[in-house]
Amino acid sequence: YVFNCCISLKELDLSFFETKYITELKATFQECNSLERINFTNFDTSKVVRTDYMFYDCQALTSLDLSGFNLENLKNSDNMFAYCEKLKEIKFNNNTSTKKLESIERIFEKCYSLETINTKIFRENKLSNLNYAFNYCSSLKEIDLSYFETKYITEFKYTFDKCFGLLNFNLTHFDTSKVTRMDYM
């Protein structure tokens, strides 16, 4: 909750922060409505297990470079980018592992401006649901879920609801054998 509700904060350089012992980044920038840029150079996330609500409602963010993030111990990313209405781009490292990730409910909900999402980071995970994950991502044009590990998922409620711009879906290898709920998927 370090910068939570810093509504006038516009730019942040975290390159000098010592972060190697941090295990939670929950709601770190939540409701930083004016935040436009964050420098994450040298930001060590190797021990982080929670990023839920990390950027929630950061309405001025248009892009995020998280390519330096190590996500191998991450377990919860619920609402991580939810309500980032101007966010167009998120850069992830394609080689990062999310093998311990259990929950991403509403992770991109109401990211109206997001046009593409790199789902390769979700190729290994323990997710049990994708409820509301991409709900209201109305500018999303395509999504490649062929890398997305879905063998543990039991619920897909409202996953792609209101994704009006979605033209291309790749559901190759999409395992729905354990799914019990697909309301308004």
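What you see is a predicted model, and the numbers here were worked out from it, not measured in a lab.

Caption draft 1: How the structure looks around the overall build of the protein. The number of helices and strands found in the protein is zero helices and six strands. Taken over C-alpha atoms, the radius of gyration comes to 16 Å for the protein, in line with the 16 Å a tight globule of 185 residues would show. C-alpha atoms of the protein, sized along the principal axes, occupy 45 × 30 × 25 Å. With 185 residues in all, the protein has 47% of them scored as buried. Nonlocal contacts in the protein, meaning residues at least 24 apart in sequence, comprise 85% of its contacts between residues at least 6 apart.

Caption draft 2: Structural detail: the state of the cysteines. Counted by the stated rule, this structure contains zero disulfides. Not engaged in a disulfide, the cysteine Cys 58 finds its nearest cysteine sulfur in Cys 84; these two sulfurs lie 5.1 Å apart. As a non-bridged cysteine, Cys 163 has Cys 137 as the owner of its nearest cysteine sulfur, 5.2 Å distant.

Caption draft 3: Fine view of the pattern of salt bridges. Applying the stated criterion to the full structure yields seven salt bridges. Across the pair Arg 50 and Asp 52 runs a salt bridge whose closest N-O atoms are separated by 2.6 Å. Asp 52 gets classed as buried once you look at its relative accessible area, which sits at 3%.

Criteria and thresholds
Each chain carries its own residue numbering, running from 1 in the written order of its sequence. In keeping with the model being predicted, local features are shown solely for residues with a pLDDT of at least 70 and side-chain atom pairs are shown and tallied solely at 80 or more, while totals for entire chains, interfaces and linings include all residues. Only hydrogens and water are set aside when side-chain values are computed; all heavy atoms of the structure are taken into account. The numbering of helices and of strands both runs from the N terminus, where a helix is a DSSP run of H or I of at least 4 residues and a strand a run of E of at least 2. Based on C-alpha atoms, the radius of gyration is set beside the globule rule, defined as 2.2 Å times the residue count to the power 0.38. Exposure categories follow from relative accessible area, calculated using a 1.4 Å probe and restricted to protein chains: below 20% of the type maximum is buried, above 50% is exposed, and the middle band is partly exposed. The contact criterion used throughout is that any non-hydrogen atoms of two residues lie within 4.5 Å. In plain terms, two cysteine sulfur atoms within 2.5 Å form what is called a disulfide here. Definition used for salt bridges: Asp or Glu carboxyl oxygen within 4 Å of a side-chain nitrogen of Lys or Arg.

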